[in-house]
Amino acid sequence: MFSGLWEAAKNSPFRRTTEAHCDAPQKELVAGRSISAASTEQYSCEYGSAKYYALCGFGGLLSCGITHTAVVPLDLVKCRIQVDPAKYKGIFNGFKVSVAEEGFRSLAKGWAPTCIGYSMQGICKFGFYEVFKILYSNMLGEEKTYLYRTSLYLAASASAEFFADIALSPMEAVKVRIQTMPGFVSTLRAGAPIIYKQEGLWGFYKGVVPLWCRQIPYTMMKFACFERTVEALYQYVVPKPRDQCSKSEQLVVTFAAGYIAGVFCAIVSHPADTIVSKLNQDKGSTAMGVAKKLGMAGLWKGLFPRIIMIGTLTALQWFIYDAVKVTLGLPRPPPPSMPESLRLKLEAKQA
């Protein structure tokens, strides 16, 4: 099964088929997309190779692990607003109450499961996205890949997130309990055995379905919106083609597109995020039961801090991921352009 997937990915139309030569006027990094010889550079690996996927996974580890750990204080307040809105009335009040009761150090509660869990999720999210994007592109062919590229981004990101959430779920269960359950232990090494003793392995995975409901729409929006926003920025906003932009200029575009995508991500996935927070707080509860108990208004508690958190988070994640690609010399295909064969077909129909 896996050998078949591997061969399909290697044969993708996204695959880089030729090495750069300094005397060539044009080089195709990706089928249907040309860049000038002046911007041609040597890469550390071949697009779609095992090394490429491994390094993309490493970029995802840094991207998600660093950013989610950095916003632990905001995440802690957001979770507390979701599970106890009567006590934590807003983002500023939430910080004030948390610090008054437990001190400034309490704002770092849950940093260890956050760092480990989201690092593992990042490996799967970004690494498998590249795998599935190439795999599905190969199944569609060059012309349909261009025509249905948004659907391709959505399908590839959803497939990747399915596996990423399985990797995240155990650490997410520990994190939410540490942050929201009064009297619960404050460390990962103490919290994980307690959950296993009380609920067994199910205690770590009972939130995986709500996680899928939260993270899969989030990731679909994150990748599809980012890809299309980058394409639109280079087409309508940036005054010169991508291959004429410096690496730093390209990273600025990456950050801007990431923030725009992050705002939409937060809105799409927020109700499910509230359910996950409440589900992991209440032992024996179910996703449907939590949703009914909270009601429509309750499901949207904590949206504002989450927009701030996820917008910044997503922008930084894409920035770090793209910066890792630049630093490690990975192939970075330019925004898609219409294949020549499709252009000729369309011209023939109009003639």
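Bear in mind the structure is a predicted one, so any value in this text is a computation, not a measurement.

We now examine the overall build of the chain. Of the regular secondary structure elements, the chain holds 14 helices and two strands. Within the chain, contacts between residues at least 6 apart in sequence are counted, and of these 77% link residues at least 24 apart. Put simply, the chain shows about 16,100 Å² of open surface, and 67% of that area lies on carbon and sulfur atoms.

This next bit is on helix α12 (residues 287-299). Over its 13 residues, α12 runs only 12 Å from end to end, short of the ideal 18 Å by more than 12%, given 1.5 Å per residue. At Lys293, α12 shows its largest bend, some 60°. For α12, the full list of buried residues reads Val290, Gly298 and Leu299.

The subject of this paragraph is the packing of helix α2 (residues 50-70) against helix α5 (residues 111-140). Taken N-terminus to C-terminus, the directions of α2 and α5 make an angle of 145°; their axes are 7 Å apart at the nearest point. Relative to α5, α2 is oriented so that their crossing is right-handed. By residue class, the composition of the contact of α2 with α5 is twelve nonpolar, eleven polar and two charged.

Tyr52, Phe126, Tyr129, Phe226, Tyr234, Trp318 and Leu330 are the most contacted members of the largest nonpolar core, which has 30 residues in total. Contributing elements (two or more residues each) for this core: α2, α5, α7 (149-180), α10 (208-237), α11 (247-281) and α13 (303-328). Among the elements that take part in this core, α10 stands out by supplying seven residues, more than any other. If sequence neighbours within four positions are ignored, Phe126 has contacts with Cys56, Gly60, Ser63, Cys64, Lys222, Phe223, Trp318 and Tyr321. One finds Val71, Ala266, Met309 and Leu313 within the second-largest nonpolar core, a separate group that totals nine residues.

Residues Phe128, Phe162, Phe163, Ile166, Trp202 and Tyr205 make up a contiguous nonpolar surface patch of roughly 570 Å² in combined accessible area. Only α7 and α9 (202-205) provide two or more residues apiece to the nonpolar patch. Among the elements that take part in the nonpolar patch, α7 stands out by supplying three residues, more than any other. With respect to the helices and strands, the residue Tyr205 is situated in helix α9. Classification of Tyr205 as partly exposed rests on a relative accessible area of 32%.

Rules and cut-offs
- Residues numbered from 1 in each chain as written.
- Predicted model: local features only at pLDDT ≥ 70, side-chain atom pairs only at ≥ 80, totals over all residues.
- Heavy atoms only, no water.
- Helix = DSSP H or I, 4+ residues; strand = E, 2+ residues; numbered from the N terminus.
- Contact = heavy atoms within 4.5 Å.
- Areas by Shrake-Rupley, 256 points an atom, 1.4 Å probe, with all protein chains shown as cover.
- Expected span 1.5 Å × (residues − 1).
- Bend = angle between axes of the 7 residues up to and from the residue.
- Buried < 20%, exposed > 50% of the residue type's maximum accessible area, 1.4 Å probe, protein only.
- Axes fitted to C-alpha atoms, helices over the stretch in contact; angles between N-to-C directions.
- Left-handed = near helix turned anticlockwise from the far one by under 90°.
- Nonpolar A, V, L, I, M, F, W, Y, C, P; charged D, E, K, R; others polar.
- Core = buried A, V, L, I, M, F, W, Y, C linked by side-chain atoms within 4.5 Å.
- Patch = residues over 30% accessible without salt bridge, like charges linked within 9 Å, V, L, I, M, F, W, Y side chains within 5 Å.
- Salt bridge = Lys/Arg side-chain N within 4 Å of Asp/Glu carboxyl O.

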